[in-house]
Amino acid sequence: MLIDISQEVFSSAVYPGDPVPNSRRLSSIADGALYNLTEMSMCVHNGTHVDAPFHFIESGKTIGEMGLAPFIGNCYVARHTGDVTAEDAARILAAARAAGAAERILLAGALTVTAAAAQVFADAGILLLGNEGQTVGPADAPMEVHLILLGAEVVLLEGIVLTDVTEGTYMLMAAPLHLAGCDGAPCRAVLMK
């Protein structure tokens, strides 16, 4: 069973200040052309996307340097509401370890990853942390949480849709577009049960 956990790009949530994605038809069969051709413009952090360390760390790896290992493999989906504390992070990690899926953690619900929780995840050496919001950490001050996680080369999968996904273990496929030199990239995130 495949579960699409991606936002549709053109109607996606956009982090305040980021450009809104848009498209323009360059060629149309309806207008007599031989084919349809569409141009699009967007920020690499629109919709469902991943952050590479270079997003907040000048010497950090770009998305093209990250390889595919963080984005494909077993993951653990945990539900939470409110601030994710260090204790919450430790509990989530324990459940993910018991399920054999502690390298990739996806957090479902209206939540905020605190700096203390980010440190727990970073210290555990996870490869990827995902959440439903357009940013990990407080929306008005995401830098500290990003620096902790990206500094430990934990890639961030932001803007996923886990509304109908139950807690548990899944296979995650969230390979980003191969964009050399970029700080992030859009992706089509899918879970397989």
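Up top is the structure.
Position numbers for residues start from 1 in each chain and track the written sequence from start to end. Since the coordinates come from a predicted model, pLDDT governs what is reported: local features require at least 70, and pairs of side-chain atoms require 80 or more to be given and counted, while whole-chain, interface and lining totals use all residues. Processing note: side-chain calculations cover all non-hydrogen atoms of the structure and skip hydrogens and water entirely.

Before we move on, could you go through the sheet that holds strand β4 (residues 49-51) and cite the residues and values that matter?
With mixed pairing, the nine strands of this open sheet are ordered in space as β1-β13-β11-β5-β7-β9-β10-β4-β12. Two strands lie at the open edges of the sheet, namely β1 (2-4) and β12 (184-186), each paired on one side alone. Mean inter-strand twist for the sheet, computed between neighbouring axes without regard to direction, equals 25°. Note on pairing: DSSP must find at least two bridges between two strands before they are called paired. Strands here are runs of E lasting at least two residues and helices are runs of H or I lasting at least four, both read from the DSSP assignment and numbered beginning at the N terminus. Two strands pair when backbone bridges link them, and strand β5 (residues 72-79) and strand β11 (residues 168-173) are joined in this way by six bridges, in the antiparallel orientation. Directly across from Gly-73, in β11, lies its bridge partner Leu-172. Contacts from helix α3 (residues 143-151) reach β4, β9 (128-131) and β10 (155-158), with the element oriented near 130° to β10. A fitted line through C-alpha atoms serves as each axis, taken over the contacting stretch for helices, and the angle formed by two N-to-C directions is quoted from 0 to 180°. Note on definitions: a residue-residue contact is assigned when non-hydrogen atoms from the two residues lie within 4.5 Å.

Pulling in residues and values, what's your account of the nonpolar core?
Residues belong to a common nonpolar core when they are buried Ala, Val, Leu, Ile, Met, Phe, Trp, Tyr or Cys residues joined through side-chain atoms within 4.5 Å. Note on exposure labels: buried denotes an accessible area under 20% of the residue type's maximum, exposed denotes more than 50%, and partly exposed covers the range between, all computed with a 1.4 Å probe on protein chains only. One finds Ile-105, Leu-107, Val-113, Phe-121, Leu-129 and Leu-149 to be the most contacted residues of the largest nonpolar core, which totals 26 residues. Listed by contribution, the elements that provide at least two residues to this core are β5, α1 (86-98), β7 (104-108), β8 (111-113), α2 (115-123) and α3. Once residues within four sequence positions are removed from consideration, Leu-129 is found in contact with Ile-105, Leu-107, Val-113, Phe-121, Val-136, Leu-149, Val-154, Val-155, Leu-156 and Leu-157. The next biggest cluster of nonpolar side chains, apart from the first, holds 24 residues, and it includes Phe-71, Ala-108, Leu-172 and Cys-187.

Requested: an account of a nonpolar patch on the surface, with residues and values cited.
A cluster of nonpolar side chains, contributed by Leu-26, Leu-34, Tyr-35 and Leu-37, occupies part of the molecular surface with about 450 Å² of accessible area. In this structure, Leu-37 sits in strand β3 (residues 37-41). With relative accessibility at 40%, the residue Leu-37 sits in the partly exposed group. Patch rule: a residue counts if its relative accessible area is over 30% and it has no salt bridge; like charges are joined within 9 Å, and nonpolar side chains (Val, Leu, Ile, Met, Phe, Trp, Tyr) within 5 Å. Per-residue and other accessible areas were derived by the Shrake-Rupley procedure at a 1.4 Å probe size, with only the shown protein chains allowed to occlude residues. One side-chain nitrogen of Lys or Arg within 4 Å of one carboxyl oxygen of Asp or Glu is enough to make a salt bridge.

Summarise the environment of Thr-48; cite the residues concerned and give the values.
When you line up the elements, Thr-48 lands in the loop between β3 and β4. Of the residues examined, Thr-48 reaches a relative accessible area of 3% and is grouped as buried. With residues up to four places along the chain from it excluded, the contact list for Thr-48 reads Ile-5, Ser-6, Gln-7, Leu-157, Glu-158, Gly-159, Ile-160, Pro-186, Cys-187 and Ala-189. By the criterion applied in these results, polar contacts are pairs of N or O atoms within 3.5 Å in which, for protein atoms, one can donate a hydrogen and the other can accept it, and in which residues neighboring in sequence qualify only through two side-chain atoms. A distance of 2.8 Å separates the side chain of Thr-48 from the backbone nitrogen of Gln-7, its partner in a polar contact.

Let's hear about the pattern of salt bridges: which residues, and what values?
Two side chains bearing opposite charge may form a pair once their charged atoms approach each other closely. Applying the stated rule across the entire model yields five salt bridges. For Arg-24, the salt bridge goes to Glu-39, with nearest N and O atoms at 3.0 Å. Here Arg-24 is found in strand β2 (residues 22-27), whereas its partner Glu-39 is found in strand β3, with 15 residues between them in sequence. Taking the relative accessible area as the measure of exposure, Arg-24 reaches 47% and is therefore partly exposed. When its relative accessible area of 37% is taken as the criterion, Glu-39 is described as partly exposed. In this structure, the salt-bridge partner of Arg-91 is Asp-88, at a minimum N-O distance of 3.9 Å. In this pair, Arg-91 and Asp-88 are both assigned in helix α1, three residues apart and thus about one turn of the helix distant. By relative accessible area, Arg-91 is classed as partly exposed at 43%. Using a relative accessible area of 15% as the deciding quantity, one classes Asp-88 as buried.

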